[in-house]
Amino acid sequence: MEQVIEFTLHHPFLVGVLALLICVLIFTEMRKGGQAISSHDLTKLVNQEGGVIVDIREKNDFNKGHIVDSLHIPYARLKERASELSKYQDKPLIIVDAMGQHAGMAGKILKDTGLTKVMKLKGGINTWQADSLPLAKK
């Protein structure tokens, strides 16, 4: 630990550049696939702005439980089916996956097709369930 402090004191410019690069990387990664929102924010967007939930999990997982009125487009078919979402151009699109790991890339795919109001549920459906919110089953 003493060596880290000593290095920092002797090379403040290098440490500053490293900190700046880390901040830029974090900011870029967070913005790449859309803003991450909480379950509460998702509910508010759906109720107040007509937000559309896009569930990108596989069919079996979707059928076990999904957020009410969510559209199901598996991640593997998102590029080819992205045109189906063009009718929601003016509404917020909220991407939901299992744990949040694929939502960023899905958001990037949708943004590349021209959709601008793309967001992702932070933590995916696991966060939704952890917040004790209801799921619909098929």
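Now for a look at the structure at hand. Here the structure is a predicted model, which is why all the values come from computation and not from measurement.

Across the two faces of strand β4 (residues 93–96) the burial is the same, with Leu93 and Ile95 and Ile94 and Val96 all buried. For strand β2 (residues 52–55) and β4, the ladder comprises four bridges, and the chain directions are parallel. Each bridged residue has a counterpart across the sheet, and for Asp55 the counterpart in β4 is Val96. Relative to strand β5 (residues 118–121), β4 runs parallel, the two being bridged by three bridges. Each residue of the ladder has a partner; that of Leu93, found in β5, is Val118.

Considered as a void within the structure, the largest pocket measures approximately 200 Å³ in volume. Lining the largest pocket are 13 residues, with Leu42, Val46, Ile53, Ile67 and Val68 sitting closest to its centre. The greatest single-element share of the lining of the largest pocket, amounting to four residues, is contributed by helix α3 (residues 39–49). Residues that form the lining of the largest pocket fall into these classes: nine nonpolar, three polar and one charged.

Okay, the sheet that holds β5 next. The strand order β1-β5-β4-β2-β3 describes an open sheet built from five strands, whose pairing is parallel. Two strands close off the open sheet at either side, each with one partner strand: β1 (35–37) and β3 (71–72). The sheet contact formed by β2 and β3 spans two bridges and is parallel. Bridge assignment links Asp55 to a residue of β3, and that residue is His72.

Our focus in this paragraph is the pairing of β2. Sheet faces and side chains relate simply in a regular strand, where the side chains alternate between the two faces. Side chains Val52 and Val54 project from β2 onto one buried face, and the interleaved Ile53 and Asp55 project onto a second face that is buried too. The parallel pair β2 and β3 is bridged by helix α4 (residues 59–64), and the resulting crossover is right-handed.

About the cut-offs
- Residues numbered from 1 in each chain as written.
- Predicted model: local features only at pLDDT ≥ 70, side-chain atom pairs only at ≥ 80, totals over all residues.
- Heavy atoms only, no water.
- Buried < 20%, exposed > 50% of the residue type's maximum accessible area, 1.4 Å probe, protein only.
- Helix = DSSP H or I, 4+ residues; strand = E, 2+ residues; numbered from the N terminus.
- Pairing = 2+ DSSP bridges.
- 1 Å grid on protein atoms, 1.4 Å probe; cavity = no way out; pocket = protein on both sides within 12 Å on 5 of 7 lines; lining within 4 Å.
- Points joined across faces, edges and corners; volume = space filled by probe spheres on them.
- Nonpolar A, V, L, I, M, F, W, Y, C, P; charged D, E, K, R; others polar.
- Right-handed = clockwise from strand over helix to strand, strands pointing away.

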